[in-house]
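The lines below spell out each chain.
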Amino acid sequence: ALLYVGGTTDESAMDATAKDTLAYLRDTAGLRGEDDVLEIGCGVGRVGKMLSPLVHRWTGCDCSGQMLGHARERLAAYDNVRLIEISGHDLEPIPDASMDVVYSTVVFMHLDEWDRYNYVREAFRVLRPGGRFWCDNVNILTDPGWEFFETHRKLFAPHLRPTHIAKCSTPQELEAYLTRAGFQNVQTG
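Remember, it's a predicted structure, so these values are computed and weren't measured experimentally.

A. Examining the packing of aromatic side chains more closely. Applying the stated criterion across every chain, the model contains five aromatic pairs. Here the aromatic rings of Tyr117 and Tyr177 are separated by 5.7 Å at their centres, their planes lie at 45°, and the arrangement is tilted. On the criterion of sequence distance, the pair formed by Tyr117 in helix 5 (residues 113-126) and Tyr177 in helix 7 (residues 171-181) is long-range, its members being 60 residues apart. Accessibility expressed as a relative area gives 25% for Tyr117, which makes it partly exposed. One aromatic cluster is present, formed by Phe124, Phe133 and Phe183 through successive ring pairs.

The following block contains the structure:
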């Protein structure tokens, strides 16, 4: 599971990437000790392991019960962790206005555009007034993003493309999802 999620079985390498994500969350969404935080697509709890000790409650959602099983083992030491299996299209089990921060990292690249938008709408629904949302994806408008796009385009013939192949987006696409879902003070980069 670690290899599938992070490309390595080295726990220290996984922790290093989680610390990078944590730094982005601190710089953009801000994190407070009293925050209830939700991760969409938590996988094995890579980020949750670093984040849960810093917040009131960390909730990890994933559509894979197997990934949640690994996350449960990895995060067993933390009493403020909750793991919830979701459909892969919405956050149905999460009550309205129950979170302060919702984030998703290295997930949107695996979703179709409609599902990206639906998760943004769902994030808006579950956030309390003044709540913050953060997500990332490969930006096709950058040189590294274009290289990523070209590599994947050339890797598979159209009839051999796997359904889970990573897909880029643009800041404008994500900004449209966020503003149409009702978010204000949207920043993209």
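What follows continues from the structure just given.
B. Region of interest: the side chain of Ser98. Note that Ser98 resides in the loop between strand 3 (81-85) and strand 4 (99-104). Here the side chain of Ser98 touches Pro95 through a polar contact of 2.8 Å, landing on its backbone oxygen. Apart from residues lying up to four places away in sequence, Ser98 is in contact with Asp36, Val126 and Arg128.

C. Here's a closer look at unusual backbone geometry. In this structure, Val106 is a non-glycine residue whose phi angle is positive, near 55°. The residue Val106 is located in the loop between strand 4 and helix 5 in this model. With a relative accessible area of 41%, Val106 lands in the partly exposed category. Positive phi outside glycine occurs at Asn185, with the angle close to 55°.

D. Seen up close, the nonpolar core. Among the nonpolar cores identified, the biggest contains 24 residues, and Val102 and Phe133 are the most heavily contacted of them. Elements with a minimum of two residues in this core: strand 1 (36-40), strand 4, helix 5, strand 5 (127-135) and helix 7. Those residues within four positions of Val102 in sequence are excluded, and the remaining contacts are Leu38, Ile40, Ala123, Val126, Leu127, Arg132, Phe133 and Trp134. Within the second largest apolar cluster, 19 residues are counted, among which are Leu51, Val55, Tyr103 and Trp134.

E. Examining the pairing of strand 1 more closely. Among the five residues of strand 1, five are classified as buried, and the element is accordingly described as predominantly covered. Of the two faces of strand 1, both are covered, the one formed by Asp36, Leu38 and Ile40 as well as the one formed by Val37 and Glu39. A crossover connection joins strand 1 to the parallel strand 2 (residues 57-62) through helix 3 (residues 46-51); in handedness this β-α-β unit is right-handed. Sheet topology places strand 1 next to strand 4; three bridges connect them, and they run parallel.

F. Region of interest: the packing of helix 5 against helix 7. Remark: helix 5 packs on helix 7, axes separated minimally by 9 Å, with the N-to-C direction vectors making an angle of 40°. As far as their axial angle goes, helix 7 and helix 5 are oblique. As helix 5 packs across helix 7, the resulting crossing turns out to be right-handed. Of the residues in helix 7, those in contact with Glu113, Arg116, Tyr117, Val120, Arg121 and Phe124 of helix 5 are Glu173, Tyr177, Leu178, Arg180 and Ala181. Here the contact of helix 5 with helix 7 is composed, by residue class, of six nonpolar, no polar and five charged.

Criteria and thresholds
Residues numbered from 1 in each chain as written. Predicted model: local features only at pLDDT ≥ 70, side-chain atom pairs only at ≥ 80, totals over all residues. Heavy atoms only, no water. Phe/Tyr/Trp six-rings, centres within 6.5 Å; stacked < 30°, edge-to-face > 60°. Helix = DSSP H or I, 4+ residues; strand = E, 2+ residues; numbered from the N terminus. Buried < 20%, exposed > 50% of the residue type's maximum accessible area, 1.4 Å probe, protein only. Polar contact = N/O pair within 3.5 Å; in protein donor to acceptor, adjacent residues only side chain to side chain. Contact = heavy atoms within 4.5 Å. Core = buried A, V, L, I, M, F, W, Y, C linked by side-chain atoms within 4.5 Å. Right-handed = clockwise from strand over helix to strand, strands pointing away. Pairing = 2+ DSSP bridges. Axes fitted to C-alpha atoms, helices over the stretch in contact; angles between N-to-C directions. Parallel < 35°, antiparallel > 145°, perpendicular 65-115°, else oblique. Left-handed = near helix turned anticlockwise from the far one by under 90°. Nonpolar A, V, L, I, M, F, W, Y, C, P; charged D, E, K, R; others polar.

By themselves, these are just geometric observations and shouldn't be taken as functional.
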